[in-house]
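So you can see what is in the structure, the chains are spelled out below.
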Amino acid sequence: MSSLTDYVRWYADLSFYDMPFNDVDNLVLSTLTYYHFDLLKKAEGKAASLRRCLQGNADSGFYKAVYDSRRFGTLLVSDFTEVFDSETDTQFAAMQFHLCDNVYYIAFRGTDNTLVGWREDFIMSYRRTYGQELALSYLNRVIRDEREYFVGGHSKGGHLALYAACHLDDDKLGKITHIYNNDGPGLCPEVDDVSLIGRIRNRTTVILPQYCIFGRIFAHDIPDVKIVSSSFKGIVQHDIISWGVDHGALDIVNDFDEASSWINDVAEQWIGDISPEEREKLVGAIFDTFEERGAEYYTQMFSEGIDDVEEVVKNVVESDAVITAAKLPGKVLFGDFFDRLFSGRLRRFLDADELVEGIILTLLGLLMVLVPRQTFWIVVAVLLGGTVAFQLWYTIKKLRQSRWNFAHERTRVYILLACATVFVVTLVKPQAVFIVGSAIIGGWLLLSAYKSLLKVKSGRKRDFLWFRNIVKAVLYMGCGVFIMAAPVETLKWFMLALGAVMVIDGICTVIATLLKANRKYSRHHSGNKQ
């Protein structure tokens, strides 16, 4: 993988007459928008070459390569406009690059490192901004009939390119050949008429890094989306200078990073759950705090450490935005789970047997903790009494079918008599209750441990269910061995421990059942969307 700097050096001697404008040129010019262009600020709207603008400030790296390049260094930059106004929360810059003949690239600057710029980004999620009006006004002012235009930008600049282009009248829009949105958010559906994107849909290219967050916010159905590699890791892949180039083209990858897709899903769910009014209140509480404390750049936001964090929390609580802020951790941990659960959408995906098992385990475990000895006797008596009752019913049924042929059904009669004898003995001899009960409970615990181990062995994914089965197997095996070997004096403490284990297991079983239902729901609806 090569870089934008490599690209500029490789094609330094080819003008835009020799090699037409392409996707990578769009990235280079979008990157150049972040340069301060002090010369053009003083020139009051006059044009100057890039080489002249960079003179004295291109010692190494990307800007040095641009300065030395015929392809880029000789380009004229004109109509440079910059607005920075903290009163209207506006950080805006736009310029034109003259490529060849009557072909121009209009570029909008993205977010810089000022708090005003960052705040403006968030404002776009709940109302129109002055920066958006400036972008539309800029296109209306500079577009001329005899010229052909490419329009683009990076981050907020890409958003402004989309916004301004789709709001143009037909005559002006007809002069735009192509629009580039380089990792910028789309139009907020609660603020803008997103149907206007249809006017530019087939002449727009969206370029996104593999680890993409910002460019997938309010994303539109645009067919030409390209995902590129990056030399950086994580969220800093947003920096356009890190994007990969394969000689004269973008270094394309097949799909987004899974972690970024998860973050994007969470952000999408969270934004969908809060109203524009809630967004405004939260943004105001956070940014007002830092501005009141004298911060001007995002690097100063937490310069005072814990004091800054404490002040933000205080202002969020006092502004009644705490509920809005609290929804984000919930979405991170649970996604749409509780919405699906309380709305009843998970009902038909629940395994009723597992859910009932979890509830019974929880209730029985609580009973063991509250009255350990009595619960042991009750459980053993109920199990033995139930066994005798069932065997009596089944034996009578078989005797009736055989016309009361006791000789033919003597085995079942002997089993019934044996069960009844054990039941009577346990009622009159406490020691017998402990022996029989410890054998029954111990056997059940060992069987449960074995079933959990089989689930661990067959488990493909090391998720909550996988770890839950490991813990259950270990605890139940330990309890099963202990009850069959320990003396009667330990019964109370054993029942307390087993009760606690069963409560935890019961709760985990209920949670696991709900999580499996949520997973089935997601798979079902994902399949329907496809």
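The rules behind these values
- For every chain, the first residue of the written sequence is number 1, and numbering continues from 1 onward in sequence order.
- Residues qualify for local features only when their pLDDT is at least 70, as the model is predicted, and side-chain atom pairs are given and counted only at 80 or more; totals for whole chains, interfaces and linings, by contrast, use all residues.
- Note that the side-chain values use all heavy atoms of the structure and ignore hydrogens as well as water.
- Paired strands, as defined in this entry, are two strands with at least two bridges between them according to DSSP.
- In this description a helix means any DSSP run of H or I spanning at least four residues, a strand means any run of E spanning at least two, and both kinds are numbered starting from the N terminus.
- The contact definition used throughout considers only heavy atoms, calling two residues in contact when any of these lie within 4.5 Å.
- Angular values range over 0 to 180 degrees, each being the angle between N-to-C directions of two axes fitted as lines to C-alpha atoms, with helices fitted over their stretch in contact.
- Burial classes: relative accessible area under 20% of the type maximum marks a residue as buried, over 50% as exposed, and values in between as partly exposed (1.4 Å probe, protein chains only).
- This arc is taken over the directions from the axis of the helix to the C-beta atoms.
- By convention in these notes, a salt bridge is any Lys or Arg side-chain nitrogen within 4 Å of a carboxyl oxygen on Asp or Glu.
- Stacked, tilted and edge-to-face pairs are distinguished by plane angle, under 30 degrees for stacked and over 60 for edge-to-face with tilted covering the rest, among Phe, Tyr and Trp rings (Trp via its six-membered ring) whose centres lie within 6.5 Å.
- A ring is considered to have a charge above it if a Lys NZ or an Arg CZ atom is located within 6 Å of its centre and within 35 degrees of its normal.
- Patch construction takes residues with relative accessible area above 30% that form no salt bridge. Like charges are linked within 9 Å, and nonpolar side chains (Val, Leu, Ile, Met, Phe, Trp, Tyr) are linked within 5 Å.
- Method for areas: the Shrake-Rupley scheme with a 1.4 Å probe, in which residue coverage is limited to the protein chains shown.
- The sign given to each residue is positive for Lys and Arg and negative for Asp and Glu; His and the chain ends receive no count.
- Where a charge sits is defined by one atom per residue type, namely NZ (Lys), CZ (Arg), CG (Asp) or CD (Glu).
- Using a 1 Å grid laid over the protein atoms alone, points where a 1.4 Å probe fits but cannot get out form a cavity; open sets with protein on both sides within 12 Å along at least 5 of 7 lines form a pocket; any residue with an atom within 4 Å of a point counts as lining.
- Grid points are joined across faces, edges and corners, and a volume is the space filled by probe spheres set on the points.
- Classification convention: Asp, Glu, Lys, Arg as charged; Ala, Val, Leu, Ile, Met, Phe, Trp, Tyr, Cys, Pro as nonpolar; all other residues, Gly among them, as polar.
- Roughly parallel means an angle under 35 degrees; roughly antiparallel means over 145; roughly perpendicular covers 65 to 115; every other angle is labelled oblique.
- Handedness of each helix crossing follows the sense of rotation of the near helix against the far helix: counterclockwise by less than a right angle gives left-handed, clockwise gives right-handed.

### A few points about the sheet that holds strand E8 (residues 225-228)
One open sheet accounts for 8 strands, arranged E1-E2-E3-E4-E5-E6-E7-E8; its pairing is mixed. Two strands in the sheet have a free side with no partner beyond their single neighbour: strand E1 (48-49) and E8. Bridging between strand E2 (residues 76-85) and strand E3 (residues 90-100) involves 8 bridges; their strand directions are antiparallel. The residue bridging Asp 85 from the neighbouring strand is Thr 90, located in E3. Set on the sheet, helix H2 (residues 23-32) makes contact with E3, strand E4 (103-108), strand E5 (148-154), strand E6 (176-182), strand E7 (204-209) and E8; between it and E6 the angle comes to about 65°. Helix H7 (residues 115-123) rests against E2 and E3 of the sheet, and its axis sits at about 90° to E3.

### Re helix H5 (residues 61-68)
What H5 keeps buried is the set Phe 62, Ala 65 and Val 66. Taken around the axis of H5, the buried residues stretch over an arc of 100°, which confines them to a single face. The inward-facing, buried residues of H5 abut helix H1 (4-10), H2, helix H4 (50-54) and helix H6 (70-73).

### A closer look at the pairing of E6
Of all 7 residues that make up E6, 6 are buried, and the element is covered over most of its length. Where E5 lies against E6, 6 bridges are found, and the strand directions are parallel. Counted as the bridge partner of Gly 152 is Tyr 180 from E6. Direction of pairing for E6 relative to E7: parallel, over a ladder of 4 bridges. Residue Ile 179 lies in a different strand from E7, and its bridge partner there is Thr 204.

### What about the pattern of salt bridges?
Overall, the coordinates contain 17 salt bridges when judged by the stated rule. The partner of Asp 23 in a salt bridge is Lys 226, and the shortest N-O contact between them spans 2.4 Å. Taken together, the positions of Asp 23 in helix H2 and Lys 226 in strand E8 put the pair 203 residues apart, joining distant regions of the chain. Judged by its relative accessible area of 16%, Asp 23 falls in the buried class. Given the relative accessible area of 23%, Lys 226 is considered partly exposed. Residues Arg 119 and Glu 291 are paired through a salt bridge, measuring 3.2 Å at the closest nitrogen-oxygen approach. Here Arg 119, found in helix H7, pairs with Glu 291, found in helix H12 (residues 276-292); they are 172 residues apart in sequence, far enough to count as distant. Given the relative accessible area of 10%, Arg 119 is considered buried. For Glu 291, a relative accessible area of 31% gives the class partly exposed.

### Here we look at H7
By the burial criterion, the buried members of H7 are Leu 115, Val 116, Gly 117, Arg 119, Glu 120 and Ile 123. The inward-facing, buried residues of H7 abut E2, E3, helix H8 (130-142), helix H9 (156-166) and H12.

### Describing the packing of aromatic side chains
In total, this model carries 18 aromatic pairs according to the counting rule given. Centroid distance Tyr 7 to Tyr 11: 5.1 Å. Interplanar angle 45°. Geometry classified as tilted. Measuring from ring centre to ring centre gives 6.1 Å for Phe 21 and Tyr 180, while their planes differ by 65°; the resulting arrangement is edge-to-face. With Phe 21 in the loop between H1 and H2 and Tyr 180 in strand E6, this residue pair connects regions lying 159 residues apart in the sequence. Taken individually, Phe 21 and Tyr 180 each receive the classification buried, so the pair is uniform in this respect. The cationic tip of Arg 51 hangs over the ring face of Tyr 67; the distance from NZ or CZ to the ring centre is 6.0 Å. Over the ring of Trp 493 we find Lys 492, and its NZ or CZ is 5.4 Å from the ring centre.

### Focus: unusual backbone geometry
The backbone of Phe 37 sits at a positive phi, close to 50°, despite the residue not being glycine. Residue position: Phe 37 is located in the loop between H2 and helix H3 (38-42). Given a relative accessible area of 0%, Phe 37 falls into the buried group. A positive phi angle, near 55°, is found at His 247, a position not held by glycine.

### Remarks on a negative patch on the surface
A contiguous patch of negative charge on the surface is contributed by Asp 145, Glu 146, Asp 169 and Asp 171. Here Asp 171 is to be found in helix H10 (residues 170-173). Taking the relative accessible area as the measure of exposure, Asp 171 reaches 63% and is therefore exposed.

### Points about the pairing of E4
A large share of E4 lies buried, amounting to 6 of its 6 residues. Burial along E4 is two-sided: Val 103, Tyr 105 and Ala 107 and Tyr 104, Ile 106 and Phe 108, pointing in opposite directions, are all buried. Across 6 bridges, the pairing between E3 and E4 is antiparallel. If you follow Met 95 over to E4, its bridge partner there is Ala 107. Where E3 folds back onto E4 in an antiparallel hairpin, the turn is made up of 2 residues, including Asp 101, whose phi is positive at roughly 45°. Relative to E5, E4 is paired through 6 bridges, and the arrangement is parallel. Within the sheet, the bridge partner assigned to Ala 107 lies in E5 and is Gly 152.

### Examining the layout of surface pockets
Of the volumes computed, that of the largest pocket is approximately 1800 Å³. Along its surface, the largest pocket is lined by 47 residues, and Trp 118, Asp 121, Phe 122, Phe 214 and Ile 235 are the ones closest to its centre. Elements represented by at least two residues in the lining of the largest pocket include exactly H5, H7, H9, helix H11 (258-273), H12 and helix H14 (322-334). Counting residues per element, the lining of the largest pocket draws most heavily on H11, which supplies 6 residues. Counted by class, the lining of the largest pocket contains 33 nonpolar, 9 polar and 5 charged residues.

### Here we look at the packing of H2 against H5
With their axes 12 Å apart at the nearest point, H2 and H5 run at an angle of 115° to one another. In terms of their interaxial angle, H2 and H5 are classed as roughly perpendicular. As H2 runs across H5, the sense of the crossing is left-handed. For the pair H2 and H5, contact is made by Val 28, Thr 31 and Leu 32 and by Phe 62, Tyr 63 and Val 66, respectively.

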